[in-house]
Amino acid sequence: MPRRLNLQTLHALPADVQRPDYDPRAKRIGIVHFGPGAFHRAHQAAYLDDLLAAEPDWAICGVALNSHDVRDALQPQDGLYALALLGTTPRLRVIGALREVLAAREQQAQVLARLAEPNVRIVTLTITEKGYCLDGDGLDFARPEIVHDLAMPDAPHSAIGYLVAGLRARRDAGLKPYTVLSCDNLADNGGKLRRAALQYAQRIDAGLAAWIEREVAFPRSMVDSITPATDDALRERVGHALGVQDAWPIQREQYTQWVVEDNFCNGRPAFEKAGVTMSDDIAGYDRAKLRLLNGPHSTLAYLGSLLDLETVNEAMRDAPLANFVERLMREDIAPSVADLHGFDANAYIDAILERFRNPAIRHKLAQIAWDGSQKLPVRLFGTINEALAAGRSIEHLCVPVAAWLQFVRRQANNGVALVDPLNAALNKIGRGCNGDAGHDVAAFLQLDAVFASVKNDARFTEALRGTYAALGDGTPQRARHALEQFDR
Ligand code: CS2
């Protein structure tokens, strides 16, 4: 067995591998992070790693809510892991910022104890869209984990349950609260989380809800860095380059951006020294990023999957698809961010297209296709609603939505389970599709959790039916033919 990456083997790594410029053992945990998955480890943890030499109090305790695999991989490595920065000159660095990883299902008491520690002053989250248990803009009280947590608020399962339990313990102990910083791809992520936490707290203890409302900051943030899932090829490459084994290295593009609303209630590290943009108003950034990067990403994922393509780079080399997506960005989405002061949409789009074309990255379309029911409303429906209100055409904006329906239908008919919290309902609708656009689209539109914000506009229903029909039976041939039709 090759030796493992850990604090003992750290000093013996090859010289070209960047490693912590501080002694990880000497750092104190000041941040509890829910969801220490690939994105967090590629993004936020790397920013903190850059800061820890000067800011010893802001190491991270990662809390996995539902699984123990990250803990099991990183515990024998003293929390260390390699981050591969992909590009023309690839780089490898070892991150030391994650000083502890807990699996909440097995270590609940430790998680709650961390949340109640005075040294912990920020709680951050990357729990993906579904982790917020939202129904529209508010908390979905019917979600099983919320039902559970309201019945047993001292032994929560959800992130919201943990956040509020931790805040309650701090209020009872007379401690200052922590700032709650959402780092997920949701517009107004901090505002949504705040509303959900307040609604939840209100049901437990109205006084607590009032305290949270008064004392706790929920800054909004925009996060950006393309992070393909780890595969065996990466493990092998990293193991070879390090000379020791890393059970869970992470990879991402070199580009990274983090914009954080400067609203903290209990101190913060000097984020700006690590290149974080601190801003008073981030609404423009998150809107532009969700609409111009994530919306097109999902478009590539569903249309590309229908065309039997595998990666983003491959999809970008497919000229009709790449042209469609580029025109969607420039002609259909850009007008919805035109009001942002000083924002150069075309330059932003150029940079995004360049990132999508990055040949050093194998970003699987299947990964981006996960959780469509959660992602599409956030990424596309705001743009569609604004286009409708402004009297602009939405035909092309409906193509990715129709492609998703066709994708769901194809997976259901092929017996492939979707990665999506609504998998059961989607599968049933997908199997019931008969190819008639009126019938199939109507069946999908029943899903209020997805379509509530758009379904009542007849122009949407009509455009969706038209684009769904154009995609025919969703085979690659039909999808290709449809792309020609969509090309104006
Ligand atoms: C992607 C995002 O998987 C997806 O749905 O669209 O994760 C995307 O790579 C990041 O948001 C880029 O910052």
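Our subject is the structure listed above.
From a predicted model like this one, the values you see are computed outputs, not experimental measurements.

Draft legend 1. Representation of the overall build of the protein in the model. Secondary structure summary: the protein contains 21 helices and 13 strands in total. When its C-alpha atoms are laid out on the principal axes, the protein stretches across 60 × 55 × 45 Å. Looking at the 488 residues of the protein, the share that counts as buried comes to 57%. Accessible surface, the protein: about 19100 Å² in total, of which carbon and sulfur atoms supply 49%. Taken together, the 54 basic and 61 acidic charged side chains of the protein have centroids lying 2 Å from each other.

Draft legend 2. Local environment of the packing of helix 16 (residues 398-413) against helix 20 (residues 458-470). Look at helix 16 against helix 20: their axes get within 8 Å of each other, and the N-to-C directions meet at 60°. Regarding the angle of helix 16 to helix 20, the classification is oblique. With respect to the hand of their crossing, helix 16 and helix 20 are arranged in right-handed fashion. Here Cys398, Val399, Val401, Ala402, Leu405, Gln406 and Arg409 of helix 16 lie close against helix 20, whose contacting residues are Phe460, Ala463, Leu464, Thr467 and Tyr468. In terms of residue class, the contact of helix 16 with helix 20 is made up of nine nonpolar, two polar and one charged.

Draft legend 3. The site of the ligand, seen in detail. Inspection of the region around the ligand gives Asn185, Asp224, Ser225, Ile226, Lys289, Leu293, Asn294, His297, His363, Ile368, Lys375 and Arg379 as its neighbouring residues. In this structure, His297 approaches the ligand through a side-chain N or O atom, which is 2.7 Å from an oxygen atom. In this structure, Arg379 approaches the ligand through a side-chain N or O atom, which is 2.9 Å from an oxygen atom. Notes on the ligand: free accessible area 340 Å², of which the protein chains cover 90%. Sorting elements by how many residues they give to the shell around the ligand places helix 10 (residues 283-306) first, with four residues. Of the residues that constitute the shell around the ligand, the class distribution is three nonpolar, five polar and four charged. Looking at which domains feed residues into the shell around the ligand, each of domain 1 (10-279) and domain 2 (283-486) gives three or more.

Draft legend 4. How the structure looks around the pattern of salt bridges. The final tally for this structure, using the stated rule, is 33 salt bridges. Where Arg28 meets Asp57, a salt bridge forms, and the shortest distance between an N and an O atom there is 2.7 Å. Residue Arg28 is located in the segment before strand 1 (29-34), and its partner Asp57 is located in the loop between helix 2 (44-51) and strand 2 (59-64); the two are separated by 29 residues in the primary sequence. Look at Arg28 and you get partly exposed, because its relative accessible area is 45%. The partly exposed category is assigned to Asp57, whose relative accessible area is 27%. If you follow the salt bridges from partner to partner, you end up with Asp188, Arg195, Arg220 and Glu261 in one network.

Draft legend 5. Up close: the sheet that holds strand 10 (residues 221-224). Ordered by their spatial adjacency, three strands build an open sheet running 10-12-13, and the pairing between neighbours is mixed. Looking at which strands have only one partner, the edges of the open sheet turn out to be strand 10 and strand 13 (277-279). Ignoring which end each strand starts from, the neighbouring axes of this sheet average 15° apart. Here strand 10 pairs with strand 12 (residues 257-261) via four bridges, running antiparallel. Bridge assignment links Ser221 to a residue of strand 12, and that residue is Val260.

Draft legend 6. Main features of helix 21 (residues 476-486). Three or more residues of helix 21 are buried, namely Ala479, Ala482, Leu483 and Phe486. End-on, the buried residues of helix 21 take up no more than an arc of 105°, which puts them together on one face. For helix 21, exposure combined with an orientation more than 90 degrees from the buried face picks out Gln477 and Glu484. If you follow the buried residues of helix 21, they end up packed against helix 10, helix 12 (319-333), helix 16 and helix 20.

Draft legend 7. Layout of helix 8 (residues 206-215). Of all the positions in helix 8, only Leu208, Ala209, Trp211 and Ile212 are classed as buried. When helix 8 is viewed along its axis, its buried side chains cluster within an angular range of 160° and face the same direction. For helix 8, the N-terminal capping position is held by Asp205, with its side-chain oxygen 2.9 Å away from the main-chain nitrogen of Gly207.

Procedures and definitions
Residues numbered from 1 in each chain as written. Predicted model: local features only at pLDDT ≥ 70, side-chain atom pairs only at ≥ 80, totals over all residues. Heavy atoms only, no water. Helix = DSSP H or I, 4+ residues; strand = E, 2+ residues; numbered from the N terminus. Buried < 20%, exposed > 50% of the residue type's maximum accessible area, 1.4 Å probe, protein only. Areas by Shrake-Rupley, 256 points an atom, 1.4 Å probe, with all protein chains shown as cover. Lys, Arg positive; Asp, Glu negative; His and termini not counted. Charge placed at Lys NZ, Arg CZ, Asp CG, Glu CD. Axes fitted to C-alpha atoms, helices over the stretch in contact; angles between N-to-C directions. Parallel < 35°, antiparallel > 145°, perpendicular 65-115°, else oblique. Left-handed = near helix turned anticlockwise from the far one by under 90°. Contact = heavy atoms within 4.5 Å. Nonpolar A, V, L, I, M, F, W, Y, C, P; charged D, E, K, R; others polar. Near = heavy atom within 4 Å. Polar contact = N/O pair within 3.5 Å; in protein donor to acceptor, adjacent residues only side chain to side chain. Domains from an automatic or database assignment. Salt bridge = Lys/Arg side-chain N within 4 Å of Asp/Glu carboxyl O. Pairing = 2+ DSSP bridges. Arc of directions from axis to C-beta.

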